[in-house]
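# Commentary on secondary and tertiary structure
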Amino acid sequence: MSENKEIKKAALISEITRREIESLPVAYAYATDCLGRAVETVGNQPLESTFNMDNSFFAEGLSLYRKIFSKEFSFELVVEGRQIEVVPDPKNLKETEDAILVWTNYVNNAFRKGLYKSTQHHIGSVTSSIEENSAIVQSYLIATHVYSEVAPDTGVSMTWGTYTDEVILEEESWVIKNRRLDVISTNPISAVAKLAVE
């Protein structure tokens, strides 16, 4: 009888662990969309800059990233099978650098350069393969980037892709150490095309 209880307990712990791990991509999407709303921040900042910390959306995005990323986090962008860049690049990261702040500024700079007024990252089809202290998580992405009134483009820019996350147990929390985005397609949908569909 006690053996059955132990099996059930282990299964429950395993299910709780799986839920915690598979919630990371969703938390990432929310944190990223905080930066999408940080329209009052100043872009083109050095990647270690703390200039925008007073902005509540920027601060919230950074705070959430700190909960879901390893201190040694890096992000790899791949388009049509070609590696475009790795941020921060572990080969070039100084010991004193804050990898999570670097990534936060990278995302915020990209959103401000794109002249977006908001973003929405949809995450779906999340699957995971869990070992004792590590896991691989895959999820599908549909990202909507809404152009602001001052942007030369109108409507939205849509991106579709697949995230692959290397997740580790760090200080008793599951966090993403490495994240890879394989972009399948990026397409603009102009406001004119949107109105035609409506």
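Residues numbered from 1 in each chain as written. Predicted model: local features only at pLDDT ≥ 70, side-chain atom pairs only at ≥ 80, totals over all residues. Heavy atoms only, no water.

## Brief notes about the sheet that holds strand β5 (residues 156-170)
Judged by pairing direction, the sheet is mixed, and its 6 strands sit side by side in the order β2-β1-β6-β5-β4-β3 without closing on themselves. In this open sheet, the two edge strands, each paired with only one partner strand, are β2 (82-87) and β3 (116-130). Neighbour to neighbour, the strand axes of the sheet diverge by 20 degrees on average, direction disregarded. The pairing of strand β1 (residues 69-79) with strand β6 (residues 173-189) spans 7 bridges and is classified as parallel. By the bridge assignment for β6, F75 is matched with R179. (Pairing = 2+ DSSP bridges. Helix = DSSP H or I, 4+ residues; strand = E, 2+ residues; numbered from the N terminus. Axes fitted to C-alpha atoms, helices over the stretch in contact; angles between N-to-C directions.)

## Notes on the packing of helix α2 (residues 24-36) against helix α4 (residues 99-113)
In the contact formed by α2 and α4, the axes pass within 9 Å of each other and the chain directions differ by 50 degrees. Classified by the interaxial angle, the pair formed by α2 and α4 is oblique. Taken as a pair, α2 and α4 cross one another with a handedness that is right-handed. Facing Y28, T32, L35 and G36 of α2, the residues of α4 in contact are W103, T104, V107, N108, F111 and R112. Broken down by class, the residue content of the contact of α2 with α4 amounts to 5 nonpolar, 4 polar and 1 charged. (Parallel < 35°, antiparallel > 145°, perpendicular 65-115°, else oblique. Left-handed = near helix turned anticlockwise from the far one by under 90°. Contact = heavy atoms within 4.5 Å. Nonpolar A, V, L, I, M, F, W, Y, C, P; charged D, E, K, R; others polar.)

Read these as geometric descriptors, not functional statements.
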